[in-house]
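Report on the structure
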Amino acid sequence: MAAGNARIVRYIVFAAFFLGVLYFISNNQGYRIQSDLYNVGKTQPVTQPLEKEQPILNSGSGLASSEPLDTGAKLGGTSSDGVKIGGDGIGKSGSTVPGSGISNSESDSTKGSTRPPPGTPKQQTDLGEAAMAMTPNDHGWNDMLGTAPGPRMNATFVTLARNSDVWEIARSIRQVEDRFNRRYNYDWVFLNDKPFDETFKKVTTSLVSGKTHYGEIPHEHWSFPEHIDQEKAKKVREDMAQRKIIYGDSISYRHMCRFESGFFFRQELMMNYEWYWRVEPSIELFCDIHYDPFRYMAEHKKKYSFVLSLYEYVETIPTLWDSVKKFMKNYPEHIAEGNSMGFLSDDGGETYNKCHFWSNFEVGNLEWLRSKPYIDFFESLDQDGGFFYERWGDAPVHSIAAGLLLPKEDIHFFNDIAYYHVPFTHCPTGEQTRIDLRCHCNPKENFDWKGYSCTSRYFDLNKLDKPQGYEEQE
Ligand SMILES: Nc1nc2c(ncn2[C@@H]2O[C@H](COP(=O)(O)OP(=O)(O)OP(=O)(O)O)[C@@H](O)[C@H]2O)c(=O)[nH]1
Ligand SMILES: *[C@@H]1O[C@H](CO)[C@@H](O)[C@H](O)[C@H]1NC(C)=O
Ligand SMILES: [Mg+2]
C-alpha cells in the first residue's frame, strides 16, 4: 500500500516536472518572438494584463490566454457602434484639398513597410461596454501592458514640423508612446509646408504605434493673403526685431501661427478625424496616462482642453481684442451663453486680460474648429491682418474662440496629464496623484498656481475645487 502510494507520488512529481519544462520552453519562445516589449501594439501578440508580481518575461507569452490571436486581419474595420478601429484609404498621394484645387502630396507610411499593419484594439466582444478606469480604485487601472481594452475614438495626433525637427519630435513621440499611445495605437498626422524627407518619415513611422500620415500644406494656407500690405508688414517685422520681441522678425513664425489658427483642422488628412491631440517637438510627458483622453472628451462632451495657461505677451497682440470685439458685434449669434468671458476679461469684455490656454498642447474637437462660428471667427480676425501687422499667436486665438464660442463646461483641464514645453511645466497637484500616475516631474516646478498662470481663474470661473495641496505651491 505504502509502496503504491510512493509510486503515484513519483508519477505526479514527474508529470509536474515535465509540464514545468514545457512551460519554460513556450515562455522562452514567446520572449524571443517579442524581443521588444514596446512593440506590443505593432505585432499584436496576445496580451493578457499582467499581474504586478509576474516576471516581465512572461508578458505576451500567450500562456493561459483564451483570447484569439489578433494579427490585424480585422484592420480597417468599424465596430457595430461606429467606432473607428483602423484607418483605411487615408493619405492617398496627389489628392486635392477640397475647394482649393491645390494638389496635396502625401505618402502613406504603410506603403512598402515590412512590418504588419499597426495595431487594432484587442477585439472585445462589446467594445462600447468596456468601462474606462479613471481612478486607482477602478477595475483595470493598473493594466498598463498590452493593448488597452475599450473602443477607439475617431482621433489622431497631429504635429506641424520641419524636416530639421525630426530628432526633437522623435523625443516627443517616444514619450507620448511610452506614457500612452503604445496601448492605444492612435494614428499620427504630420504636416509641413515643405515635403517631408525620407529620414523624417522613416524615424517617425518607426516610433508611432498607430498609422502615420504625411501631408504637405497647400500654398494658400502658408502665405500672405492678398489683402496684406507687404510694406506695412515688413516695417512691423523690422520694428519688432529692434524691440527684440521674440520671433518678432520672423515671417515663417507668422505663417505658422496663422496656419495653426485657421487651417490645420481642414487639411485633407485631418478631414478623416473628429478629434486631435497636438504634439510639438521637445515636449515631455511626466506621468502615465491610464485612460483615453479622447474618449474622456467624447463621453463628457468636451470640445477643447488644456494643461497650462498664462498671460500673453502684450506686444504681440495690441489690437487683437479690438478685432474680437468687432467680431462679437457682427456675429452675436455665435457667442455662447454661459461662456468663459470671465476667464478672458476682468471687466465684462471691455478689455482682454491676456489669459490664454497654451496651445502647444491641445486635445480638441475638429468638428468644432470646422464649424461656422469658428470659421467666421478666424476669417474675421484674418481680415484685420493682425497675424502679419502684429504677431498674433494661435494660442490666444484658439483660447478666445473657446472662451466665447463654447459654453464654459466644454473646456477641460487635464490635471492628470503632466506636461512640459520650454519653459513651463504642468506637474499634477497632489502627491497621491503623482504616485498613482508614476510621475517623474518635480512638483516644485508646477506652474499652475504661480502668479503668471491663469489656471486659478479657470478654476474660479468654473467653481471647481482646486486639487489638494495647491496652496503650498502658490
Ligand atoms: N513645417 C514647419 N513647421 C514649423 C515652422 N515653424 C514652426 N513650426 C512648427 O510649429 C510648431 C510651433 O513652433 P515652435 O517653434 O515650437 O514655436 P513656439 O512653441 O512658440 O516656440 P518654441 O517651442 O519655444 O521655439 C512646432 O511644432 C514647430 O515644429 C515652419 O516654418 N515650418
Ligand atoms: C471620422 O470623422 C470624419 C470627420 O467627421 C468622418 O468623415 C469619418 O467618416 C469618421 N470615420 C469613422 C470611422 O467614423
Ligand atoms: Mg514649441
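Residues numbered from 1 in each chain as written. Chains lettered and ligands numbered in written order. Predicted model: local features only at pLDDT ≥ 70, side-chain atom pairs only at ≥ 80, totals over all residues. Heavy atoms only, no water.

For the protein, the name recorded in an unreviewed UniProt entry is Glycosyltransferase family 15 protein, with Xylaria multiplex as its organism. Looking at the Sequence similarities (unreviewed entry) heading of the UniProt record, one finds this comment for the protein: "Belongs to the glycosyltransferase 15 family." (UniProt positions renumbered as here; feature names shortened; annotations may be inferred.)

1. A closer look at the overall build of the protein
In terms of regular secondary structure, the protein is built from 15 helices and 15 strands. Within the protein, the fraction of its 474 residues that count as buried is 54%. Sequence-distant contacts, at least 24 apart, represent 77% of the contacts inside the protein between residues at least 6 apart. Per element, the accessible surface of the protein, about 22100 Å² overall, is 54% carbon and sulfur. (Helix = DSSP H or I, 4+ residues; strand = E, 2+ residues; numbered from the N terminus. Buried < 20%, exposed > 50% of the residue type's maximum accessible area, 1.4 Å probe, protein only. Contact = heavy atoms within 4.5 Å. Areas by Shrake-Rupley, 256 points an atom, 1.4 Å probe, with all protein chains shown as cover.)

2. Digging into the confidence of the model for the protein
Counting all residues, the mean pLDDT for the protein is 82, and 73% of those residues have values of 70 or more. Under a pLDDT of 50 for its full length, residues 28-127 has, in the predicted model, 170 contacts with residues more than four places off or in other chains. (pLDDT = per-residue confidence, 0-100.)

3. Observations regarding the coordination of the magnesium ion (ligand 3)
Distances from the magnesium ion (ligand 3) to its protein donors, namely Glu280 (OE) and His421 (NE2), fall within the range 2.0 to 2.2 Å. Residue Glu280 is found in the loop between strand E7 (275-278) and strand E8 (284-285), and its partner His421 is found in strand E14 (residues 419-421); the two are separated by 141 residues along the sequence. The burial state of Glu280 is the same as that of His421; both residues are buried. (Donors = N, O, S within 2.8 Å, 3.2 Å for Na, K, Ca; no water.)

4. Remarks on the pattern of salt bridges
Counted by the stated rule, this structure contains 21 salt bridges. Glu260 is the salt-bridge partner of Arg278, the closest N and O atoms lying 3.7 Å from each other. Separated by 18 residues along the polypeptide, Arg278 in strand E7 and Glu260 in helix H6 (residues 251-262) bring together distant segments of the chain. What makes Glu260 buried here is its relative accessible area of 5%. We note a salt bridge from Lys325 to Glu350, for which the minimum N-O separation is 3.2 Å. (Salt bridge = Lys/Arg side-chain N within 4 Å of Asp/Glu carboxyl O.)

5. Comments concerning the site of ligand 1
Ligand 1 sits among 15 residues. The nearest are Leu160, Asn192, Asp193, Tyr247 and Tyr253. One of the backbone nitrogen or oxygen atoms of Ala161 is found 2.9 Å away from a nitrogen atom of ligand 1. Contact with the protein chains removes 82% of the 610 Å² of surface that ligand 1 exposes when unbound. In terms of residue count, the dominant contributor to the shell around ligand 1 is H6 (three residues). Of the residues in the shell around ligand 1, the class split is eight nonpolar, three polar and four charged. (Near = heavy atom within 4 Å. Polar contact = N/O pair within 3.5 Å; in protein donor to acceptor, adjacent residues only side chain to side chain. Nonpolar A, V, L, I, M, F, W, Y, C, P; charged D, E, K, R; others polar.)

6. Examining the state of the cysteines
The final tally for this structure, using the stated rule, is three disulfides. Shown here is the disulfide that connects Cys287 with Cys439, its sulfur atoms set 2.0 Å apart. Its S-S torsion of about 110° marks the bond between Cys287 and Cys439 as right-handed, since a negative value means left-handed. Remark: Cys439 occurs in the loop between helix H14 (431-436) and helix H15 (455-461) and Cys287 occurs in the loop between E8 and helix H7 (293-299); sequence separation between them is 152 residues. Cys355 shares a disulfide with Cys454; S-S distance 2.1 Å. Looking down the S-S bond of the Cys355 and Cys454 bridge, the torsion is -85°, so its handedness is left-handed. Pair noted here: Cys355 is in strand E11 (residues 355-357) and Cys454 is in the loop between H14 and H15, with a separation of 99 residues, a long-range link. Taken individually, Cys355 and Cys454 each receive the classification buried, so the pair is uniform in this respect. (Disulfide = S-S within 2.5 Å.)

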